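Each chain, written out:
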Amino acid sequence: MSETAAEKIKSDVLKRYEERTKKSKAHNETAKQFLPGGDTRSIGFYKPYPVFAEKGNGAYLYDSDGNEYLDFVNNMTSLVNGHAHPHVTEALRKQLEKGTVHGIPVEPKYRLAEHLCNRIPSMESLRFTNTGSEATLFAMRAARGFTGRDKFIKIDGGYHGNHDFVQVNLFPDMTTQGLPQPYVNKGIPASVLKDMLVTPFDDLETTEKLLKENRGEVAAIILEPILGTGGGVPGSKEYLQGLRKLADQYDTLLIFDEIISFRLHEGGYQSIVDVKPDLTTLGKVIGGGFPIGAFGGRRDIMEIFNPMLPDSITHSGTFTANAMTMTAGLANMEIFGEKEIDELNKLGTAFSNGLRQALTDTGTIGQVRELGSMAMVQFTDREMKTARDVVLGFMNYGELMTFFHLEMMNRGVYFLHRGMFNLCTPMTETDINKAVALFKETLELLKPLADEAGQREADFKF
Ligand SMILES: Cc1ncc(COP(=O)(O)O)c(C=O)c1O
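Residues numbered from 1 in each chain as written. Predicted model: local features only at pLDDT ≥ 70, side-chain atom pairs only at ≥ 80, totals over all residues. Heavy atoms only, no water.

### Side note on the site of the ligand
1) Next: Contacts to the ligand come from T131, G132, S133, Y159, H160, G161, E224, D257, I259, I260 and K284.
2) Next: Here a nitrogen atom of the ligand and a side-chain polar atom of D257 are 2.7 Å apart.
3) Next: Grouping the amino acids of the shell around the ligand by side-chain chemistry returns 3 nonpolar, 5 polar and 3 charged. (Near = heavy atom within 4 Å. Polar contact = N/O pair within 3.5 Å; in protein donor to acceptor, adjacent residues only side chain to side chain. Nonpolar A, V, L, I, M, F, W, Y, C, P; charged D, E, K, R; others polar.)

And the structure:
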């Protein structure tokens, strides 16, 4: 049987990827002997194998074979000032000479806390953690400790990290057309289902139903105000303000997970939609390239961790608030204030507009959701309101995205293989225009594949 145009394109893309990333391929082969599948975090993996980084500089990454990439991943949105920013590097160099972690408090610890509390109106006090996962774990523990209740409402397909309770409906339930059924994947105890209630995103009615049915038992509603991993769907002002009202009406707490969305405004996405959550979790950008998380909010809730008070909740961590992380975080935040955020969001708008124009010019079915300095590209015209909508779209165009991602890498652009691009401050208009031009060229090359995906999408019925 002769090879179709789409099959030929796929094998060409793959061949060129393998030819230009020989050293990365060899690294992967060796790594597989010691790390399952050659990797040690799921999100960084893509087929056939990821490239290995040699170094990063500003908006650019360089792999082991010397290939250069304009980096739109920025370590999963955390490097908002790019790689090795001189301001952050200089602060770190000075701190390194004074030791990395001291086992007793250091000043940068409360300076970073002060900085964050000053810029987020709902944040009266906070505590640091080593990861975002730990931050959501402790925000939930705080809510339990404060309310004396065990249950939470979470979003179908919402992501809050690795711990057991938030792994419930990590991906949206695709087995039913109606209300999502809570489920857990392999490795998570089914016992957590007892305390986790699941609602679709953007659905106040279902949330209220769950609150009514579980009156007096729900410690908090936890959600990302922008459904990040679930497809970059932003919560509307009406929805998020509606959740605030429901939380008040049913006397429960509201937790915003702003680990990604904080970057969009000096005071976080909550300032854009004018909602004051009771607790907020932070991570990624506040660490300046080092592992970090933070949770905080209402002082009366956070006092539950005050070691001076009887019955306070224990919260420890060998490396929590170490001097390097605190120093990097503070330096990073100092150069990412209102002006810089505004400029980066504007660059993001120009980028999203450019991508949209490229879709139109090449007649490709698709959409670009502009989220300030982030953009989500999806090769479907399906309306995206929930994580389920996002997965339904992806089920049709997933293969196109896989090859699109590899071909963009062949051309020197690195983005997250599910269609997410995020910008960093060292990026210039020239960089953005270059990326848009490469995006368009790649769409043109992959047209036969895109047409197939578009056709399947049009025929698709769930
Ligand atoms: C919204 C959200 N919450 C929590 C986490 C977990 O953070 P970490 O990977 O630092 O544990 C992430 C990470 O991607 C996230 O995007």
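After that view, the rundown keeps rolling.
### Here we look at the pattern of salt bridges
1) Next: The final tally for this structure, using the stated rule, is 23 salt bridges.
2) Next: One salt bridge in this structure joins D195 and K194, with 3.6 Å as the shortest N-O distance.
3) Next: E213 is the partner of K209 in a salt bridge, and the nearest nitrogen-oxygen pair spans 3.3 Å. With a gap of 4 residues between them, K209 and E213 both fall in helix α7 (residues 204-213), about one helical turn apart.
4) Next: Given the relative accessible area of 42%, K209 is considered partly exposed.
5) Next: Three or more residues are tied together by salt bridges with common partners; here these are R244, D248, D278, R298 and D300. (Salt bridge = Lys/Arg side-chain N within 4 Å of Asp/Glu carboxyl O. Helix = DSSP H or I, 4+ residues; strand = E, 2+ residues; numbered from the N terminus. Buried < 20%, exposed > 50% of the residue type's maximum accessible area, 1.4 Å probe, protein only.)

### Details of unusual backbone geometry
1) Next: In this chain, K47 is followed by P48 through a cis amide linkage whose omega measures 5°.
2) Next: For D251, which is not glycine, the phi dihedral falls at a positive 55°.
3) Next: Tracing the sequence through the fold places D251 in the loop between α8 (237-249) and β10 (253-257).
4) Next: D251 sits in the exposed class, given a relative accessible area of 54%.
5) Next: Positioned with a positive phi, A321 is a non-glycine residue whose angle comes to about 60°.

### Side note on the packing of helix α5 (residues 107-119) against helix α11 (residues 323-334)
1) Next: Direction vectors running N to C along α5 and α11 enclose 35°, while the axes themselves pass 8 Å from each other. Crossing geometry of α5 relative to α11 is assigned as left-handed. Of α11, the residues touching α5 (which contributes P108, K109, R111, L112, H115, L116 and R119) are M326, T327, G329, L330, M333 and E334.
2) Next: For the contact of α5 with α11, a count of residues per class yields 6 nonpolar, 3 polar and 4 charged. (Axes fitted to C-alpha atoms, helices over the stretch in contact; angles between N-to-C directions. Left-handed = near helix turned anticlockwise from the far one by under 90°. Contact = heavy atoms within 4.5 Å.)

### Comments concerning the packing of aromatic side chains
In this description, an aromatic ring pair is defined by two values, namely the gap between the centres and the angle between the planes.
1) Next: Taken as a whole, this structure holds 15 aromatic pairs when the rule is applied.
2) Next: Aromatic pair F138 and F295: ring centres 5.8 Å apart, planes at 15°, arrangement stacked. In this pair, F138 is assigned in helix α6 (residues 132-147) and F295 in strand β12 (residues 293-297), connecting sequence segments 157 residues apart. This pair shows no difference in class: F138 is buried, exactly as F295 is.
3) Next: With a centroid separation of 5.2 Å and an interplanar angle of 80°, the aromatic rings of F404 and F439 are classed as edge-to-face. One end of the pair, F404, is in helix α13 (residues 387-410); the other, F439, is in helix α14 (residues 429-445), with 35 residues separating them in the sequence.
4) Next: Note on F404: relative accessible area 1%, which makes it buried.
5) Next: For F439, a relative accessible area of 0% gives the class buried.
6) Next: Here a set of aromatic residues connected by ring pairs shows up, and it is made of F72, F351, F379, F394, Y397, F404, F415, F421 and F439. (Phe/Tyr/Trp six-rings, centres within 6.5 Å; stacked < 30°, edge-to-face > 60°.)

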